[in-house]
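Listed here are the chains, written in short residue letters.
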Amino acid sequence: AENKSAIKMLTPAIGEEGTINFIKEVVKNAGASACPPYLIGVGIGGTFDTVATLAKKALIRNAEENKNDQYKTLEQKLFTEIQKLNTGAMGYGGKEFLLGVRVEYAPCHIASLPVAVNVQCHSARSANIEM
């Protein structure tokens, strides 16, 4: 699934709509190739090298809502927009192919807007070690 992930250095002038369109395009291009249903991790801000880490961090965040109201709203918008792609489970069509969209963010230079999209299949795994 991760082979379908992408990073792009956008400009702030692209706005929220342009950012959403880029993220949707990444998921659309993944199609059924990354074994939907998907969990989508999005990183916004930071630098070229840190934005990918933010996207990965978003994937492993617990299922609680985003603590930042602006990004919580963005997650909801992204979920709604991506569902409209109708890829369906395993690519057979239908709206139920998205487990969630999570966004992590960091401040960045005023002239840049790095965005990374990490596509993860339904069998995403994480573990914790307790000592």
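Residues numbered from 1 in each chain as written. Predicted model: local features only at pLDDT ≥ 70, side-chain atom pairs only at ≥ 80, totals over all residues. Heavy atoms only, no water.

### Side note on the confidence of the model for the chain
Phase 1 of the analysis: Across the chain, pLDDT averages 90, with 96% of residues at or above 70.
Phase 2 of the analysis: Confidence scores differ between elements of the chain, with strand 3 (residues 98–106) showing the lowest mean pLDDT of 94 and strand 1 (residues 6–10) the highest of 97. (pLDDT = per-residue confidence, 0-100. Helix = DSSP H or I, 4+ residues; strand = E, 2+ residues; numbered from the N terminus.)

### Observations regarding the sheet that holds strand 2 (residues 38–45)
Phase 1 of the analysis: Here 4 strands make up an open sheet; going across it, the order is 1-4-2-3 and the pairing mixed. Looking along the sheet, the strands with just one partner apiece sit at the ends: strand 1 and strand 3. Mean inter-strand twist for the sheet, computed between neighbouring axes without regard to direction, equals 15°.
Phase 2 of the analysis: Pairing analysis gives 8 bridges linking strand 2 to strand 3, with the strands arranged parallel. Directly across from Gly 41, in strand 3, lies its bridge partner Arg 102. (Pairing = 2+ DSSP bridges. Axes fitted to C-alpha atoms, helices over the stretch in contact; angles between N-to-C directions.)

### Topic: the nonpolar core
Phase 1 of the analysis: One finds Tyr 38, Ile 40, Val 42, Leu 78 and Val 115 to be the most contacted residues of the largest nonpolar core, which totals 24 residues.
Phase 2 of the analysis: Those elements that provide at least two residues to this core are helix 1 (15–30), strand 2, helix 3 (69–83), strand 3 and strand 4 (113–120).
Phase 3 of the analysis: Ranked by the residues each element gives to this core, the list is headed by helix 1, at 6 residues.
Phase 4 of the analysis: Here Ile 40 is in contact with Val 27, Leu 59, Leu 98, Gly 100, Val 101, Arg 102, Val 117, Asn 118 and Val 119, once residues within four sequence places are set aside. (Core = buried A, V, L, I, M, F, W, Y, C linked by side-chain atoms within 4.5 Å. Buried < 20%, exposed > 50% of the residue type's maximum accessible area, 1.4 Å probe, protein only. Contact = heavy atoms within 4.5 Å.)

### Things to note about the packing of aromatic side chains
Phase 1 of the analysis: Taken as a whole, this structure holds 2 aromatic pairs when the rule is applied.
Phase 2 of the analysis: Measuring from centroid to centroid gives 6.3 Å for Tyr 38 and Phe 97, while their planes differ by 75°, and the two rings are edge-to-face. Here Tyr 38, found in strand 2, pairs with Phe 97, found in the loop between helix 3 and strand 3; they are 59 residues apart in sequence, far enough to count as distant.
Phase 3 of the analysis: A residue is classified by how much of its surface remains accessible, and Tyr 38, at 0% relative accessible area, is buried. (Phe/Tyr/Trp six-rings, centres within 6.5 Å; stacked < 30°, edge-to-face > 60°.)

### Thoughts on the pattern of salt bridges
Phase 1 of the analysis: Under the definition given, this model contains 7 salt bridges.
Phase 2 of the analysis: Residue Lys 77 pairs with Glu 16 through a salt bridge whose shortest N-O separation is 2.5 Å. Note that Lys 77 is positioned in helix 3 and Glu 16 in helix 1, a separation of 61 residues in sequence.
Phase 3 of the analysis: A salt bridge links Arg 61 to Glu 104; its shortest N-O distance comes to 3.2 Å. (Salt bridge = Lys/Arg side-chain N within 4 Å of Asp/Glu carboxyl O.)

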